[in-house]
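Examination of the molecular architecture
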There are 2 protein chains.
Amino acid sequence: PQYLSSQPSPVAKKSEPNRNRNYDPTKIHITDQPMTKANWYRHINWLNVFLIVGIPIYGCVQAIWTPLYWQTAVWAVLYYFATGLGITAGYHRLWAHTSYSATVPLRIFLAAVGGGAVEGSVRWWARDHRAHHRYTDTEKDPYSVRKGLLYSHFGWMVMKQNPKRIGRTDISDLNEDPVVVWQHRHYLKVVLFMGLVFPMLVSGLGWGDWAGGIIYAGILRIFFVQQATFCVNSLAHWLGDQPFDDRNSPRDHVITALVTLGEGYHNFHHEFPSDYRNAIEWHQYDPTKWSIWMWKQMGLAYDLKQFRHNEIEKGRVQQQQKKLDQKRSQLDWGVPLDSLPVMEWDDYVDQAKNGRGLVAIAGVVHDISQFIKDHPGGKAMISSGIGKDATAMFNGGVYMHSNAAHNLLSTMRVGVVRGGCEVEIWKRAQRENKDIQYIKD
Amino acid sequence: PQYLSSQPSPVAKKSEPNRNRNYDPTKIHITDQPMTKANWYRHINWLNVFLIVGIPIYGCVQAIWTPLYWQTAVWAVLYYFATGLGITAGYHRLWAHTSYSATVPLRIFLAAVGGGAVEGSVRWWARDHRAHHRYTDTEKDPYSVRKGLLYSHFGWMVMKQNPKRIGRTDISDLNEDPVVVWQHRHYLKVVLFMGLVFPMLVSGLGWGDWAGGIIYAGILRIFFVQQATFCVNSLAHWLGDQPFDDRNSPRDHVITALVTLGEGYHNFHHEFPSDYRNAIEWHQYDPTKWSIWMWKQMGLAYDLKQFRHNEIEKGRVQQQQKKLDQKRSQLDWGVPLDSLPVMEWDDYVDQAKNGRGLVAIAGVVHDISQFIKDHPGGKAMISSGIGKDATAMFNGGVYMHSNAAHNLLSTMRVGVVRGGCEVEIWKRAQRENKDIQYIKD
Ligand code: HEM
Ligand code: HEM
Ligand SMILES: [Fe+2]
Ligand SMILES: [Fe+2]
Ligand SMILES: [Fe+2]
Ligand SMILES: [Fe+2]
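In what follows, the accompanying structure is described. (Residues numbered from 1 in each chain as written. Chains lettered and ligands numbered in written order. Predicted model: local features only at pLDDT ≥ 70, side-chain atom pairs only at ≥ 80, totals over all residues. Heavy atoms only, no water.)

Attention now moves to the sheet that holds strand S6 (residues 413-417) of chain B. All names here are of chain B. Ordered in space as S3-S6-S5-S4, the four strands form an open sheet in which the pairing is mixed. In the strand order of this sheet, the two ends are held by strand S3 (342-343) and strand S4 (358-361), each with one partner. As defined by bridge partners, S3 adjoins S6 across two bridges and the pair is classed as parallel. Bridging from a neighbouring strand, Val 342 pairs with Val 416 of S6. (Pairing = 2+ DSSP bridges. Helix = DSSP H or I, 4+ residues; strand = E, 2+ residues; numbered from the N terminus.)

Written out as structure tokens, the structure is:
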């Protein structure tokens, strides 16, 4: 049909970010070749290895002989939170999901500190992230947890990726945001300045600690921010509950939330991606949400999007129903009524008289022989129903039985009475003006 | 019908225990008269007040000048557990519910230590307790929590009760147990000996503490055992969850279990009264169950009754289903399909062309105008469905929407397309060999 062709191809175009200018679509890409002893090194993205493994190791080594001033420690932690927020409140909730709108000053701030986390430009990050939401857990998901926890954590950066593989998404709104475009164009400058120079300037000019500024507030802080936010792709798809949907991998867990500035309620987030909150309960940890809310009070953010309580609860109810249905289907609920043999009333009475422990309740005959001695109401009570229509007795005439008793009863079914209960047969017989045979003796 | 008259009257007979020999059914009973300034003292069961309030006060006063030996303290605690078990494992689970069978030595032991708890004879206790189960929360329940927490705790003993009121139950099995009959007949002797004399003898002959034996291991220990077991009637009907049935008052709570030697899983117990367990999980506190199980290993107890896991889980599933249904009914699931106006396909297309944000999905027209700007997949994607049959698009053709999206969509319903989706109309038109009008422009 027309709409299929009018839709863009689901494979990423060359003009989208994340493309290598040297990429030649006519050659077989390395990721389409099996890894061997001879070519393994070509599967590795050595630039990324240097950036996210090499530099941190260098930082650790340097830290051995770089004294740590307490001011630098405080500053590194503060800047850790600021750059982390740049990713969670900026890259993620503002740009990837447009879950709220931000004024230009706030956008500049977020693009700047987000750049300082060294995780790529907004444009590249948001594009991949939208593909992750649209194609969660599939081949087209850039960091699918189905390829392993470590792969989703940083394997997807350390290994080369096939540019054709990642699903495409609409990023026209990002291309219209001058802040995003500027940051993308000047990304290298932004990273160097916000990642290393700026934290060094603060501690250098502030309290004379130039080296500590670059090692602690720069390199090591970058390492921690990266590892923490990578957890949204790994831990958040691996650890915790699935209160809204268990068909895909996203999960809710407080540990992930603590590590990721509140991005740990990820099952909720994949279900309601454009909600500016990730944690919906007041007592859950979501400092990103708190910051956005504060910016709103300060006039810096507006149009905070939020799914209605009604919509959220419907999702929860459906998932609970699904779990309950699974549980129910594993239990024995007795032979279905339509699989039972049909019995004549007289036949039932006869068999009961001849010593079979049969009780008719609600038109169904039950064999209670094995249960008489275990009956919580005593042998006498239950025996008084044998060979009779015990419907009323069982349902409150003598004792209003519990759900448990009804459930147990249904496992003892042996037949259905033709015409239903005694009363129905009686009435029918009267209507037909016949003698009522089964009462004669 | 016959079975109703063949059933015993639900009101207790005079020959049953708990009857006052002086009771004259022809006079108006005091409980049928309103309480006034002039007659209030006649509403009170002074004997019981003396037994469960007076004596403990006397014990407390005596304790002031009675030194407490550590041996006596240990003995009082041990005897507290023994007499408590007499009630929970003996009176309750063995005799009231016949949840297992016991050899004569064990029956004698339980009747003896149970008597030492000073809560009446087995026969009287079990009869009332069976009435409590059969008529839970009704007028005929001897200790209905509906009359107040304090009433169910000990008000029912402190206040006079109308002998006619309490529901009747079958105790023929108890009348056949010689241990029960003997204990009932010699109840006063049993109480005096097991309640006071025996604990005194042990600490008197053991370490010379006659006074402490009677005050601590006797009177005060009785007080604590009584208050603890009374909690089964009060706290267990008031505090906690109802995992199996919430129509009546019984509840599960670990605090009640800790206080009552494991009788705290009372919602379970009322649903499965003849199960020898009250706690079904291994990690829950039920020393009464542990004791019965131990006696079984020792050959003293046998035929331990237990409901199958299947039956227990069915009850749990049903209660969860009930709660879920309640929750579901409070949510807005959109206008039901059969209350929607019917629309022609052409009419839908026209209206969409004229600027109304309408999308047809699965034969239902939705007004998404307000939602376009909030769409998590972007404005372009959702707008591409306007005026078309977006069923396939919405259901995976472009993006496989979540439950949340389906739920939200159903709140936007405005009409049903006559004949269903575009494809159906197309097919029908082809069958009828007509020109397909809506495609012509
Ligand atoms: C037909 C005549 C029956 C009579 C008059 C009768 C009477 C009673 C009474 C008075 C109780 C309350 C005992 C107590 O809680 O201490 C009771 C409990 C119970 N009965 Fe029956 N019963 C009958 C048949 C059955 C049958 C056929 C079943 C088979 C499943 C059954 C299963 C139960 C169960 C599981 C309980 C304990 C749970 C509850 O309180 O509902 N009864 N019955
Ligand atoms: C008719 C054409 C539509 C297309 C092509 C489309 C496409 C998409 C795409 C690609 C996403 C994934 C975005 C992401 O997770 O980052 C998405 C998400 C979503 N869409 Fe649509 N959409 C359409 C219509 C609708 C409509 C009519 C609704 C109305 C309720 C809707 C509600 C949602 C919601 C709630 C989500 C986020 C939750 C989820 O992942 O399912 N969409 N849509
Ligand atoms: Fe995710
Ligand atoms: Fe996201
Ligand atoms: Fe109870
Ligand atoms: Fe009980």
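The structure having been displayed, the exposition proceeds.
What surrounds ligand 1 is a group of 21 residues, the closest being A:His375, A:Tyr399, A:His401, A:Ser402 and B:His133. Those residues lying near ligand 1 are distributed over chains A and B. Within the contact set of ligand 1, an oxygen atom lies 2.5 Å away from a side-chain nitrogen or oxygen of A:Tyr399. Here an oxygen atom of ligand 1 sits 2.8 Å away from a polar atom, N or O, in the side chain of A:Ser402. (Near = heavy atom within 4 Å. Polar contact = N/O pair within 3.5 Å; in protein donor to acceptor, adjacent residues only side chain to side chain.)

Another aspect to go through is the coordination of the iron ion (ligand 3). All names here are of chain A. Taken together, His 132 (NE2), His 237 (NE2), His 266 (NE2) and His 270 (NE2) make up the full set of protein donors to the iron ion (ligand 3), lying 2.1 to 2.2 Å away. Here the iron ion (ligand 3) binds four donor atoms, and the angle range of 90 to 169 degrees at the metal identifies the geometry as irregular. Read in sequence order, the donor residues for the iron ion (ligand 3) give the motif H-x104-H-x28-H-x3-H. Between the two metal centres, the iron ion (ligand 3) and the iron ion (ligand 4), the spacing is 5.5 Å. In this pair, His 237 is assigned in the loop between helix H10 (210-230) and helix H11 (254-259) and His 266 in helix H12 (residues 266-271), connecting sequence segments 29 residues apart. Given the relative accessible area of 3%, His 237 is considered buried. On the accessibility criterion, His 266 (0% relative accessible area) is buried. (Donors = N, O, S within 2.8 Å, 3.2 Å for Na, K, Ca; no water. Tetrahedral: all angles 85-135°; square planar, octahedral: opposite > 155°, others 65-115°. Buried < 20%, exposed > 50% of the residue type's maximum accessible area, 1.4 Å probe, protein only.)

Turning our eyes to something else, we now look at the nonpolar core. One broad trend across soluble globular proteins is that nonpolar side chains are buried collectively. Membership of the largest hydrophobic core comes to 41 residues, with the highest contact counts inside it found for B:Ala89, B:Trp95, B:Tyr100, B:Leu106, B:Leu110, B:Ile292 and B:Trp295. When residues in this core are grouped by element, the largest group, seven residues, is from helix H3 (residues 70-96) of chain B. Those residues in contact with B:Trp95 that sit more than four places away from it in its chain are B:Gly90, B:Arg107, B:Leu110, B:Ala111, B:Val122, B:Ala126, B:Arg130, B:Leu174, B:Asp177, B:Val179 and B:Val180. By size, the runner-up hydrophobic cluster in this structure holds 39 residues, among which are A:Leu174, A:Val180, A:Phe230 and A:Ala301. (Core = buried A, V, L, I, M, F, W, Y, C linked by side-chain atoms within 4.5 Å. Contact = heavy atoms within 4.5 Å.)

Of the residues lining the interface, 53 residues belong to chain B; the matching set on chain A comes to 53 residues. Summing the contributions of chain B and of chain A, the shared interface buries around 5,000 Å²; its carbon and sulfur component is 54%. Note that B:Asp332 is salt-bridged to A:Arg308, the shortest N-O span being 3.8 Å. Applying the counting criterion to the chain B and chain A interface returns 21 residue pairs in polar contact (both at pLDDT 80 or more). Elements supplying a minimum of two residues to the side of chain B that touches chain A: helix H1 (2-6), helix H5 (122-134), helix H14 (309-329), helix H16 (379-383), helix H17 (391-394) and helix H18 (403-410) of chain B. For the side of chain B that touches chain A, the element with the highest residue contribution is H14(B), accounting for 14 residues. Across the side of chain B that touches chain A, the residue classes break down as 18 nonpolar, 16 polar and 19 charged. (Buried area = accessible area lost by both parts, 1.4 Å probe. Salt bridge = Lys/Arg side-chain N within 4 Å of Asp/Glu carboxyl O. Nonpolar A, V, L, I, M, F, W, Y, C, P; charged D, E, K, R; others polar.)

Rotating chain B by 180 degrees and translating it 0.0 Å along the rotation axis places it on chain A, where the RMSD comes to 0.0 Å. Viewed as a symmetry operation, the transformation between the two copies matches a two-fold axis. When C-alpha distances to the rotation axis are compared across chain B, the minimum falls at B:Gln321, with a value of 3.8 Å. In this assembly the copies share their binding face: 98% of the residues contributing to the interface of chain B also contribute to that of chain A. (Least-squares fit on C-alpha atoms with pLDDT ≥ 70 in both.)

A separate point is the packing of aromatic side chains. Residue and element names in this part refer to chain B. Summed over the entire model, instances satisfying the criterion amount to 34 aromatic pairs over all chains. Pairing Tyr 143 with Trp 156 gives two aromatic rings, centres 4.6 Å apart and planes at 55 degrees, and the pair type is tilted. Taken together, the positions of Tyr 143 in the loop between H5 and helix H6 (149-158) and Trp 156 in helix H6 put the pair 13 residues apart, joining distant regions of the chain. By relative accessible area, Trp 156 is classed as buried at 7%. Each ring, one from Phe 244 and one from Phe 268, has its centre 5.7 Å from the other, and the planes form 65 degrees; the classification is edge-to-face. A residue pair is termed long-range when its members are at least 10 positions apart, and Phe 244 in the loop between helix H10 (210-233) and helix H11 (254-259) and Phe 268 in helix H12 (residues 266-271) qualify at 24 residues. (Phe/Tyr/Trp six-rings, centres within 6.5 Å; stacked < 30°, edge-to-face > 60°.)

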